[in-house]
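# Overview (structure and organization)
This is what each chain is made of:
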Amino acid sequence: MEIIVKIFYSVLLIWFWYLLIRYRRNVHSWTGNWVWAEKYLWSWGTYVALTFFWLFLIFLWAIYPFWWLALLSWK
């Protein structure tokens, strides 16, 4: 039963991050330009930084239900 709940949360959050990538122009209007991203990643740096950050979060939530996050954090 626990795995079903984890898969549900994972799908829900992946869908949420996907929507943020899809509507990144609206999110950019809320956050504004990030000076460091515009300086180091050229004129579209804020869009690139937001997209890479959300893709990273999608990856984390895709591996979450399969206990890879716990395995990666073990010492």
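Structure's up top.
Definitions and limits used
Residues numbered from 1 in each chain as written. Predicted model: local features only at pLDDT ≥ 70, side-chain atom pairs only at ≥ 80, totals over all residues. Heavy atoms only, no water. Core = buried A, V, L, I, M, F, W, Y, C linked by side-chain atoms within 4.5 Å. Buried < 20%, exposed > 50% of the residue type's maximum accessible area, 1.4 Å probe, protein only. Helix = DSSP H or I, 4+ residues; strand = E, 2+ residues; numbered from the N terminus. Contact = heavy atoms within 4.5 Å. Axes fitted to C-alpha atoms, helices over the stretch in contact; angles between N-to-C directions. Parallel < 35°, antiparallel > 145°, perpendicular 65-115°, else oblique. Left-handed = near helix turned anticlockwise from the far one by under 90°. Patch = residues over 30% accessible without salt bridge, like charges linked within 9 Å, V, L, I, M, F, W, Y side chains within 5 Å. Areas by Shrake-Rupley, 256 points an atom, 1.4 Å probe, with all protein chains shown as cover. Salt bridge = Lys/Arg side-chain N within 4 Å of Asp/Glu carboxyl O. Phe/Tyr/Trp six-rings, centres within 6.5 Å; stacked < 30°, edge-to-face > 60°.

### Thoughts on the nonpolar core
Counting residues in each nonpolar core, the largest one holds eight residues, listed as W17, L20, I21, V27, L50, W54, L57 and I58. Contributing elements (two or more residues each) for this core: helix 1 (2-22) and helix 4 (45-63). Of the residues forming this core, the biggest block, four residues, is contributed by helix 4.

### Regarding the side chain of K6
Tracing the backbone shows K6 in helix 1. With sequence-adjacent residues up to four places away left out, K6 is seen in contact with Y64, P65 and W67.

### Considering the packing of helix 2 (residues 24-31) against helix 4
Their axes nearest at 11 Å, the elements helix 2 and helix 4 cross at an angle of 115°. The pairing of helix 2 with helix 4 is recorded here as roughly perpendicular in orientation. Where helix 2 crosses over helix 4, the two elements pack in a sense that is right-handed. In this structure, helix 2 contributes R24, R25, V27, H28 and T31 to the contact, and helix 4 contributes T46, Y47, L50, T51 and W54.

### Some thoughts on a nonpolar patch on the surface
A cluster of nonpolar side chains, M1, I4, V5, F8, Y9, L12, W15, F16 and Y18, forms an exposed patch at the surface whose accessible area comes to about 1000 Å². Tracing the backbone through its elements, the reader meets Y18 in helix 1.

### Some details on the packing of aromatic side chains
Think of a pair of aromatic rings as described by two things: how far the centres are apart, and how the planes are tilted against each other in angle. Under the definition given, this model contains four aromatic pairs. Their ring planes at 50° and their centres at 5.9 Å tell us that F8 and Y9 sit as a pair that is tilted. Taken together, a centroid distance of 6.0 Å and an interplanar angle of 25° make the contact between W34 and W36 stacked. The partly exposed category is assigned to W34, whose relative accessible area is 26%. Residue W36 is classed as partly exposed on the basis of its relative accessible area of 49%.

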